[in-house]
Amino acid sequence: PARLCFAGFASGAAAAALAAAGRFRPATVCYRFTVLKCQYCLSRGESLASLARQLAVDPLQIMLSNPKLGRPDAAAVGRPLSYGPLYRVRAGDRLEQVAARYLVAPGMILAVNPDVAAANGTLRAGGRVCMPVPACQA
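None of these values were measured; they are calculated from a predicted model.

What counts and what doesn't
- Residues numbered from 1 in each chain as written.
- Predicted model: local features only at pLDDT ≥ 70, side-chain atom pairs only at ≥ 80, totals over all residues.
- Heavy atoms only, no water.
- Phe/Tyr/Trp six-rings, centres within 6.5 Å; stacked < 30°, edge-to-face > 60°.
- Helix = DSSP H or I, 4+ residues; strand = E, 2+ residues; numbered from the N terminus.
- Buried < 20%, exposed > 50% of the residue type's maximum accessible area, 1.4 Å probe, protein only.
- Polar contact = N/O pair within 3.5 Å; in protein donor to acceptor, adjacent residues only side chain to side chain.
- Disulfide = S-S within 2.5 Å.

**Student:** Quick rundown of the packing of aromatic side chains? Include the residues and the values.
**Tutor:** All told, the structure shown has two aromatic pairs when counted by the stated rule. Between the aromatic rings of Phe-6 and Tyr-31, the centroid separation amounts to 6.3 Å while the plane-to-plane angle is 70°, which identifies the pairing as edge-to-face. Residue Phe-6 is located in strand E1 (residues 2-8), and its partner Tyr-31 is located in strand E2 (residues 27-33); the two are separated by 25 residues in the primary sequence. Judged by its relative accessible area of 47%, Phe-6 falls in the partly exposed class. Both rings, one in Tyr-87 and one in Tyr-102, keep their centres 5.7 Å apart while their planes meet at 75°; by these two values the pair is edge-to-face. Of the two residues, Tyr-87 sits in strand E5 (residues 86-88) while Tyr-102 sits in the loop between helix H4 (95-101) and helix H5 (106-112), which places them 15 residues apart along the sequence. For Tyr-87, a relative accessible area of 6% gives the class buried. Note on Tyr-102: relative accessible area 26%, which makes it partly exposed.

**Student:** Lay out the side chain of Asn-66 with the relevant residues and their values.
**Tutor:** Residue placement: Asn-66 occurs in the loop between helix H3 (59-64) and strand E4 (80-82). Relative accessible area serves as the criterion here: at 12%, Asn-66 is assigned to the buried category. Engagement of the side chain of Asn-66 in a polar contact is seen with the backbone oxygen of Ile-62, the distance being 2.7 Å.

**Student:** Describe the state of the cysteines, with residues and values.
**Tutor:** If you walk through the whole model with that rule in mind, you get two disulfides. In this model Cys-5 forms its disulfide with Cys-30; the gap between the sulfur atoms is 2.0 Å. The chirality of the disulfide connecting Cys-5 with Cys-30 is right-handed, given an S-S dihedral of about 110°. Of this pair, Cys-5 sits in strand E1 while Cys-30 sits in strand E2, and the two are 25 residues apart along the sequence. Taking relative accessible area as the criterion, Cys-30 reaches 32% and is therefore assigned partly exposed.

Without other data, these values stay purely geometric and don't point to any function.
Following this line, the structure appears as structure tokens:
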């Protein structure tokens, strides 16, 4: 889980008076959240096709990962869409090996896993990697 904190500061004459008296304390609010890998919620104006372009994957990959979707236009705003299964990395796994096992190019794995791309393709044992679903390319 990640943690995101915000610090709030008041302004104006009342805040200045409290600060001068040494009684002003900024308010901090923190939230804990988990980012789910391999999932995306469409926003207004987005479509399955625009999501595929954003992820640099074939729209068919997203369709294959969401068999209950039925039609591409059935993707609703705010409904989670999967764009591949999760793979738990084993000790000794290398990006090229995992890509070959799933019949995809290493670059496709990097495209949907920015954390792996940022680590120069290094896979951490026990970590989870979103695996793109192979689809025919024209």
